[in-house]
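Topology and contacts: notes
So the chains spell out like this:
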2 protein chains.
Amino acid sequence: MNSFRFCVPTDIRFGEGQISCLPEELGKYGKNVLLVYGGGSIKRSGLYDTIQELLKDFNLFELSGIEPNPKITSVRKGVALCREHSIDVILAVGGGSCIDASKNIACGAYYDGDPWDLVIDRSKMTKALPIAVVLTICATGSEMNCGAVISNEETHEKLEIAGDILYPALSVCDPTYLYTLPARQTAAGTADIMSHVFEQYFQPYDGAYLTDRFCESVLKTCIHYAPIALAEPDNYEARSNLMWSSTIGLNHLLTVGKGGAWSCHAMEHELSAYYDITHGVGLAIVTPAWMRYVLCDRTEARFAMYARNVWGITEPDDRAAAEQGIARTEEFFQSLGLPSTLREVGIGPEKFEEMAAEAVRTSGIATRSYYHLQPEDVVKIYESCLG
Amino acid sequence: MNSFRFCVPTDIRFGEGQISCLPEELGKYGKNVLLVYGGGSIKRSGLYDTIQELLKDFNLFELSGIEPNPKITSVRKGVALCREHSIDVILAVGGGSCIDASKNIACGAYYDGDPWDLVIDRSKMTKALPIAVVLTICATGSEMNCGAVISNEETHEKLEIAGDILYPALSVCDPTYLYTLPARQTAAGTADIMSHVFEQYFQPYDGAYLTDRFCESVLKTCIHYAPIALAEPDNYEARSNLMWSSTIGLNHLLTVGKGGAWSCHAMEHELSAYYDITHGVGLAIVTPAWMRYVLCDRTEARFAMYARNVWGITEPDDRAAAEQGIARTEEFFQSLGLPSTLREVGIGPEKFEEMAAEAVRTSGIATRSYYHLQPEDVVKIYESCLG
């Protein structure tokens, strides 16, 4: 195993009704709370009212309308609210977008310049407001990690900001909040979780045996429960296992002893930066294409291991087993109702070269990924997704 | 999944040479350090000198001679040293015994009475000194959890103390420190890790799918690497995977969504409390006997799942698969050179009834375990281990 540091201090409260801890926990930080949320779904579900009632002794200020790919313009509004109202703690209610925006707001509140500066140059980040989370979509794992992805619509950039001070202090994970999730979000969220695992599993180093087994465990859990959650949206066992998979999928546990640049995320971030498609949908399209493109003599043993340990494929030949595993992956995403081609989400070849250049420029995929990708490789992968 | 809280703030520094962080990390707490260690092994290995050199600007006080089953008498000495020298931070160098003693010392330092009071009544525990760990034996997982087991030689009691304030602040896990471990400690440590996993895996609740897969992952890692570590004591990949398995094996991750009383530990604690045998050895003897005793129509499906997912057994009949899995478990412990009968470790039937009564009295095995055990059950299990 490669050397690593593991220190994840987020306090996870998992299970039905855990939201009742909010008054006591938020009270540790102060009375001025910035509530960050997206559209109207938390109002329709009643969660908004529950929070208003629970926090009736607090001063609640609101930043709503956080976009699916959260934009720096929303972050700027949040930072202004923090300053104007001397916010003590941020309460993100939603999925990865709300949490990610909150992370950039949290450090932006202690920075004199534009919060986009912190995305571009992490060394300028010094301090952050505490963040509490009420999770309503399981996908990104942002509830228990210290990273966030922010989009800049002016520059077409979608970049990551990360730092130890950005771990949420508290995350309330109540699987019953997933009952009302639209099927396409359950499906896209599952693709996102699985993609996180793939990115960590398919890395050059082979000696992190336990980490590899943990990756396979999360993948098996997604494969087992996503169809159940789609068929029975209020199946608590399915929702809870998927929710915990999402949290564990990106809280550093699945990368310890390994590490390297992520490939599909780099390619997908350009798709959603240019076309604003759902992140998990983009990943479901790009991932099988990437797998087929990078399958070669050097990589086939790991793809065969994946096929056998995750899909139970018994084919003895490595290359054939690997190909079966990739086919099963693609079929699984399709079975969840996810698009499998770029055409289906309205993307043509017009910007492939521009996006490929950006994907390589803004990531380590040319030098630190499982299979090094140059812009021409990325174009070919995009082309194979065109449909 | 059952509801749970997961909040494990220990800062893990994993890998060769990570000890170099000690001056900076300990310096956060102060200059007065209580060094807690066992026998002379850290002097023979050079680790003692390394620490003296690294901490030459600190005031180091020492508590040596911590026993394999740490005793309250040692804890009392440590508490006295903390008061006498205004200790700022405890540095435990060793395995579970040193860490466990340090945990009781850490909270004892802030308690006016006898530290054994805190073992008997956790509600008296209010505050604890920070604890840093340099791990030299992998087995108990104490380096990343908030529990400790302390023995009282006067009362023949071996009891657990636990509380959120007892998480080590920092744990340095350097797999190269395991290179000089005697083979029997590598073997007993592996049995201890696997027993922790068994205790968490064999519980009544079936809906924590991901947690079960994680348990199987740790078991497979132990089975894969323990023989390699015994054959090649300086195999870094084997030592690092075993070390991380030990930490993960008991840092709460493998019990989330499940829970219940532990059976084999309750029975083994009496063996080591009465006869002072090595904990892992006692577990290796008791575990297969417990498995055979509790195998029944209700439990066979889970034992079959264990046999298939961990040992790759393909037998379609559940009962037959379960029996094969149990046999493989026993054979594996024997293959590590561990004793498989109580006679081999000098234990006869004389105190079976007394120990069985204590095992039931001091644990939840009669009411909250996978298979409820009354004193007469425990006696039968002890008898089947006699040899």
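Residues numbered from 1 in each chain as written. Chains lettered and ligands numbered in written order. Predicted model: local features only at pLDDT ≥ 70, side-chain atom pairs only at ≥ 80, totals over all residues. Heavy atoms only, no water.

Chain A goes by NADH-dependent alcohol dehydrogenase in an unreviewed UniProt entry, where it is assigned to Butyricicoccus porcorum.

1. Points about the overall build of chain A
Here is the rule: Numbering of helices and strands runs from the N terminus, with a helix taken as a DSSP run of H or I at least four residues long and a strand as a DSSP run of E at least two residues long. Radius of gyration here is computed from C-alpha atoms only, and the compact-globule reference equals 2.2 Å multiplied by the residue count raised to the power 0.38. Each residue is assigned to one of three classes by its accessible area relative to the maximum for its type, calculated with a 1.4 Å probe on protein chains only: buried under 20%, partly exposed between the two thresholds, exposed over 50%. Any two residues whose heavy atoms approach within 4.5 Å are treated as being in contact.
The secondary structure content of chain A amounts to 15 helices and eight strands. Relative to the compact-globule value of 21 Å for 387 residues, chain A shows a C-alpha radius of gyration of 20 Å, a close match. Projected onto its principal axes, the C-alpha coordinates of chain A cover approximately 65 × 45 × 45 Å. Here chain A, with 387 residues, has 63% of them falling under the buried criterion. Long-range pairs, those at least 24 residues apart, make up 76% of the contacts in chain A with a sequence separation of at least 6.

2. With respect to the packing of helix α7 (residues 183-201) of chain A against helix α9 (residues 236-249) of chain A
Residue and element names in this part refer to chain A. Here is the rule we go by: With axes taken as lines fitted to C-alpha atoms, and helix axes fitted only over the stretch in contact, angles between N-to-C directions fall between 0 and 180 degrees. Oblique is the label for any angle not covered by the other classes, which are roughly parallel (under 35 degrees), roughly antiparallel (over 145) and roughly perpendicular (65 to 115). Should the near helix be turned counterclockwise from the far one by less than a right angle, the crossing is left-handed, whereas a clockwise turn marks it as right-handed.
Viewed as axis vectors pointing N to C, α7 and α9 meet at an angle of 40°, and their least axial separation amounts to 9 Å. Of the possible angle classes, the one that applies to α7 and α9 is oblique. Remark: the crossing between α7 and α9 carries left-handed chirality. From α7, Thr186, Thr190, Ile193, His196 and Gln200 reach across to α9, where they touch Arg239, Leu242, Ser245, Ser246 and Gly249.

3. Some words on the relation of the copies chain A and chain B
Note the threshold: Each copy is superposed on the other by least squares, with the fit set by C-alpha atoms of residues at a pLDDT of at least 70 in both.
Note on the copies: chain A fits chain B at an RMSD of 0.0 Å, the axial shift is 0.0 Å, and the rotation between them is 180°. This pairing of chains is accounted for by a two-fold axis. No C-alpha of chain A approaches the rotation axis more nearly than that of A:Pro9, which lies at 2.2 Å. Comparing contact sets, 100% of the residues at the interface of chain A also lie at the interface in chain B, consistent with an isologous, same-surface contact.

4. Let's talk about the pattern of salt bridges
Condition: Whenever Lys or Arg places a side-chain nitrogen within 4 Å of a carboxyl oxygen from Asp or Glu, that contact is recorded as a salt bridge.
As enumerated under the stated definition, the model contains 37 salt bridges over all chains in all. Ionic pairing is found between B:Glu216 and B:Arg213, a salt bridge with its closest N-O pair at 2.8 Å. One end of the pair is B:Glu216 and the other is B:Arg213, both in helix α8 (residues 209-231) and three residues apart, which spans about a single turn. B:Arg213 shares its class with B:Glu216; the two are buried. Between B:Arg319 and B:Asp297 there is a salt bridge, and its shortest N-O distance comes to 2.8 Å. One end of the pair, B:Arg319, is in helix α13 (residues 318-335); the other, B:Asp297, is in the loop between α11 (279-294) and α12 (300-311), with 22 residues separating them in the sequence. Given a relative accessible area of 26%, B:Arg319 falls into the partly exposed group. Residue B:Asp297 is classed as exposed on the basis of its relative accessible area, which comes to 64%. Shared partners join several salt bridges into a network, and the residues in it are A:Arg5, A:Asp164, B:Asp11, B:Arg13, B:Glu25 and B:Lys28.

5. Some remarks on the interface of chain A and chain B
Where interface size is quoted, it is often the accessible area lost as the parts come together. Basically, it comes down to this: Buried area is a sum: the accessible area each of two parts loses on coming together, probed at 1.4 Å, counted once for each and added.
Each side of the interface is counted separately: chain A has 38 residues, and chain B has 38 residues. Summed over the three residues of chain A that lose the most area to chain B, namely A:Met1, A:Tyr209 and A:Trp244, the buried surface amounts to 20% of that side. Scanning the region where chain A abuts chain B turns up two salt bridges. In this structure, B:Asp11 engages A:Arg5 in a salt bridge whose closest nitrogen and oxygen atoms are separated by 2.7 Å. Among the elements of the structure, β1 (4-14), α8 (209-231) and α9 of chain A are those that each provide at least two residues to the side of chain A that touches chain B.

6. A look at empty space enclosed by the protein
Under the convention used in this document: Of the two site types, the cavity is a set of points on a 1 Å grid over the protein atoms alone where a 1.4 Å probe fits but cannot get out, and the pocket is an open set with protein on both sides within 12 Å along at least five of seven lines, each lined by residues with an atom within 4 Å of a point. Grid points are joined across faces, edges and corners, and a volume is the space filled by probe spheres set on the points. Under this grouping Gly is polar, as are all residues other than the nonpolar Ala, Val, Leu, Ile, Met, Phe, Trp, Tyr, Cys and Pro and the charged Asp, Glu, Lys and Arg.
Using the criterion set out here, one finds four cavities of 30 Å³ or more in the structure. Taken as a whole, the largest cavity encloses approximately 80 Å³ of empty space. Taken together, A:Phe6, A:Val8, A:Met144, A:Ile248, A:Asn251, A:Leu253, B:Phe6, B:Val8, B:Met144, B:Ile248, B:Asn251 and B:Leu253 form the lining of the largest cavity. Classifying every residue of the lining of the largest cavity by side-chain character gives 10 nonpolar, two polar and no charged.

7. So, the UniProt feature "domain: Fe-containing alcohol dehydrogenase-like C-terminal" (unreviewed entry) in chain A
Applied cut-off: UniProt positions are given in the numbering used here, feature names are shortened, and annotations may be inferred rather than shown by experiment.
UniProt marks residues 186-384 of chain A with the feature "domain: Fe-containing alcohol dehydrogenase-like C-terminal" (unreviewed entry), using the numbering shown here. From the first C-alpha to the last, residues 186-384 of chain A spans 26 Å; its make-up is 66% helix and 0% strand.

8. Quick notes on helix α15 (residues 375-385) of chain A
Note that an α-helix has 3.6 residues per turn; residues three or four places apart therefore point the same way. Residues and elements named next belong to chain A. Those residues of α15 lying buried are Asp377, Val378, Val379, Ile381, Tyr382 and Cys385. Contacts from the buried residues of α15 go to α10 (264-275), α11 (279-294) and α14 (352-361). Downstream of α15 by one or two residues, Gly387 has phi in the positive range, about 85°.

9. Description of the pairing of strand β7 (residues 157-162) of chain B
All names here are of chain B. Basically, it comes down to this: When DSSP finds two or more bridges between a pair of strands, those strands are recorded as paired.
Counting buried residues in β7 gives five out of six residues, a clear majority hidden from the surface. The pairing of strand β6 (residues 147-152) with β7 spans six bridges and is antiparallel. Residue pairing for β7: Val149 is matched across the bridge by Glu160. Taking the residues that link successive antiparallel strands as the turn, the β6-β7 hairpin has four residues, and the phi of His156 there is positive, at about 55°.

10. Things to note about the domain arrangement of chain A
Residue and element names in this part refer to chain A. Which entries qualify depends on this criterion: In this document the domain limits rely on a domain assignment from an automatic tool or a database. N or O atoms within 3.5 Å of each other form a polar contact, as long as, within protein, one can give a hydrogen and the other can take it, and as long as residues adjacent in sequence are counted only when both atoms are side-chain atoms.
Taken as a whole, chain A is organised into domain 1 (11-177) and domain 2 (183-385). Using C-alpha coordinates to define each centre, domain 1 is positioned 26 Å away from domain 2. Each side of the interface is counted separately: domain 1 has 24 residues, and domain 2 has 27 residues. Linking domain 1 with domain 2 are two salt bridges. Between Arg361 and Glu157 there is a salt bridge; the shortest N-O distance is 3.4 Å. Linking domain 1 to domain 2 there are nine residue pairs in polar contact (both at pLDDT 80 or more). Breaking the side of domain 1 that touches domain 2 down by element, the ones donating at least two residues are β1 and β7 (157-162). The leading source of residues in the side of domain 1 that touches domain 2 is β7, at three residues.

11. Some points on the UniProt feature "domain: Alcohol dehydrogenase iron-type/glycerol dehydrogenase GldA" (unreviewed entry) in chain A
Within the UniProt annotation, "domain: Alcohol dehydrogenase iron-type/glycerol dehydrogenase GldA" (unreviewed entry) is assigned to residues 9-175 of chain A. End-to-end, the C-alpha atoms of residues 9-175 of chain A are 21 Å apart, and along that stretch the chain is 30% helix and 26% strand.

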